[in-house]
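Read off the chains here:
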Number of protein chains: 2
Amino acid sequence: MGQNVVEVGVPKFQLLPACEDDHEGVIVDMKEPMDPNVFQAMLKASLSQWKLEGKKGAWIKLPIGLANLVEIAVKEGFWYHHAEPQYLMLAYWIPDTLSAIPANATHQVRIGAIVMNDKRELLVVREKIGRYWGTGIWKIPTGILEEGEDIFTGATREVKEETGVSNHCINTEFVDVIAFRQKHRYFFGKSDLIFLCMLQPLSFDIHKQDSEIEEAQWMPLEEYADQPVVENHCIFKHIKDICLAKIERGNAGWTPLPITSLFNDQISYLYMEEDLKP
Amino acid sequence: MGQNVVEVGVPKFQLLPACEDDHEGVIVDMKEPMDPNVFQAMLKASLSQWKLEGKKGAWIKLPIGLANLVEIAVKEGFWYHHAEPQYLMLAYWIPDTLSAIPANATHQVRIGAIVMNDKRELLVVREKIGRYWGTGIWKIPTGILEEGEDIFTGATREVKEETGVSNHCINTEFVDVIAFRQKHRYFFGKSDLIFLCMLQPLSFDIHKQDSEIEEAQWMPLEEYADQPVVENHCIFKHIKDICLAKIERGNAGWTPLPITSLFNDQISYLYMEEDLKP
């Protein structure tokens, strides 16, 4: 049935199957192959109909297997909204008003893991890939959140991945988020948010992850702070200051509180200081 | 010159023009139209050459005007990486190893603006569009950050936009970020981060923005808290508690500190408690 191509010669007014969205718009979720000429005729008829009905945004989701229909949608005035490996979403604003179609995702989210043992040593790594490669700089483990991953989960996962394999790695417990940084034009014009997380180590032996990390070690905080880059560059310097504040004054960050949605049963997490919690 | 189509019959080994990236990959930034058959031949030749050279990731950026080449790139094994209104980025991992191509942006970032005047009144709105439409709920102004916009800038902009036009609106000064929430599967499978920001009002007259907001008003905190939704739903309840903590105990959130990049002169902002700052 994957090749169930629709015949040429559809009735003049046959429309593309569309669902309505919550914003007076329509969504066409194309699943089966279609002759490009038939697709074009149906799209033209659908657009006329949607305009008559006062629809606002129109969306077409094209799986990568239907890449041959992209050109047609663009010819009819659709533009790219976003893409994921397996599909492309196109959008079109029907009324003669300013488009209210929301923007695509704008941020990548990363975590930076601050892990200290009780000897005032910081867990640091030297990376094999990326911007820091070849600089010789020892830095805290960092990594990108996976799709749908919580900050507190991603933080412990990254430390595990960067310090070992299977059972031989550093297990940690999430403590709190102590700071975050927002940076623009980070990759492909997108922005980056990195959450600096404090983690409590539960194990201490390091078996480095060969594919990503050059080296990993416990480093006395003073030695970390003595790196020229720490002296000169704020983010490194602040990490040192945060560690000292944690050790010497017990500074606390924000912890996640599970909350439910107004619209469904979904749980999300609100991060704030303990003092603000009920 | 925009129609400078390359002739069919290129030499057998002519390659697509490509730049190297920082991760042993190549980027083809297509700008001019090209015959699809020529494009296919050049892409095949290029892929063979890149493989010989040990390249890893291959990228093709296709402006929307070259939508006719999407199908060819997909036929040669490329998949969609991300798209913006004016272009589609395709990617391909050349080695026989697990792809190390980074994910697309995963989060939308919003701000929620908590604005109180000195009469213990909270600035609240009722929305004309979106999920809250028709519920009658009074909520704090919220909005999506624009591309490249800082959290502290977006917060004051949104309050301005939702409470008036031109000079008749509520001007505010950013105070701090008091909490944030991370929520998954928020739109198109992407996640949402909302930063709750405290803002100090500098003006008080409301002239609502017709296209987005139904109503806007200063509401006594007790009246906001008396809405059934506040009683039942955590995010609303926490906003009330945050307001009370701010009024009664002077709780402080995190403020942005400008920091410079290690790699260029770019300024970004690190948000953390005042106590951690130098």
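Right above here is the structure, for reference.
Residues numbered from 1 in each chain as written. Chains lettered and ligands numbered in written order. Predicted model: local features only at pLDDT ≥ 70, side-chain atom pairs only at ≥ 80, totals over all residues. Heavy atoms only, no water.

### A word on the sheet that holds strand β3 (residues 57-63) of chain B
All names here are of chain B.
Here is step 1 of the chain: Spatially, the five strands line up as an open sheet ordered β1-β2-β3-β5-β4, and their pairing is mixed. The open sheet has two edge strands, β1 (19-20) and β4 (79-84), and neither has a second partner.
Here is step 2 of the chain: Sheet topology places β1 next to strand β2 (residues 26-29); two bridges connect them, and they run antiparallel. Bridge pairing in β2 links E20 to V26.
Here is step 3 of the chain: Lying over the sheet, helix α1 (residues 36-52) contacts β2, β3 and β5 (87-93), oriented at roughly 155° with respect to β3. (Pairing = 2+ DSSP bridges. Helix = DSSP H or I, 4+ residues; strand = E, 2+ residues; numbered from the N terminus. Contact = heavy atoms within 4.5 Å. Axes fitted to C-alpha atoms, helices over the stretch in contact; angles between N-to-C directions.)

### Side note on the side chain of E84 of chain A
Here is step 1 of the chain: When you line up the elements, E84 of chain A lands in strand β4 (residues 79-84).
Here is step 2 of the chain: A relative accessible area of 13% means that E84 of chain A is categorised as buried.
Here is step 3 of the chain: Engagement of the side chain of E84 of chain A in a polar contact is seen with the side chain of N104 of chain B, the distance being 3.4 Å.
Here is step 4 of the chain: Discounting residues that sit within four places of it in the chain, E84 of chain A has contacts with Y80, N104 and K190 of chain B. (Buried < 20%, exposed > 50% of the residue type's maximum accessible area, 1.4 Å probe, protein only. Polar contact = N/O pair within 3.5 Å; in protein donor to acceptor, adjacent residues only side chain to side chain.)

### Some remarks on the interface of chain A and chain B
Here is step 1 of the chain: On the side of chain B, 84 residues touch chain A, which itself brings 84 residues to the contact.
Here is step 2 of the chain: Roughly 7700 Å² of surface becomes buried between chain A and chain B when both sides are summed, with 64% attributable to carbon and sulfur atoms.
Here is step 3 of the chain: Summed over the three residues of chain A that lose the most area to chain B, namely Y80, F180 and F188 of chain A, the buried surface amounts to 10% of that side.
Here is step 4 of the chain: Taking the shortest distance from any N to any O, the salt bridge between K190 of chain B and E84 of chain A comes out at 2.6 Å. (Buried area = accessible area lost by both parts, 1.4 Å probe. Salt bridge = Lys/Arg side-chain N within 4 Å of Asp/Glu carboxyl O.)

### A few points about the relation of the copies chain A and chain B
The operation relating the two chain copies consists of a rotation about an axis and a shift along that axis.
Here is step 1 of the chain: With an RMSD of 0.0 Å, chain A superimposes on chain B once it is rotated by 180° and translated 0.0 Å along the axis. The operation mapping one copy onto its partner corresponds to a two-fold rotation axis.
Here is step 2 of the chain: Here 100% of the interface residues in chain A have copies in chain B that are interface residues too; the copies meet face to matching face. (Least-squares fit on C-alpha atoms with pLDDT ≥ 70 in both.)

### Some details on the pairing of strand β13 (residues 267-272) of chain B
Here is step 1 of the chain: With five of six residues buried, β13 of chain B is to be regarded as a mostly interior element.
Here is step 2 of the chain: By the bridge criterion, three bridges tie strand β9 (residues 172-187) of chain A to β13 of chain B in an arrangement that is antiparallel. In the sheet register, R181 of chain A faces β13 of chain B, and the bridge partner there is L270 of chain B.
Here is step 3 of the chain: Where strand β12 (residues 255-260) of chain B and β13 of chain B come together, six bridges link them in antiparallel fashion. Pairing of T255 of chain B across the sheet is with M272 of chain B, part of β13 of chain B.

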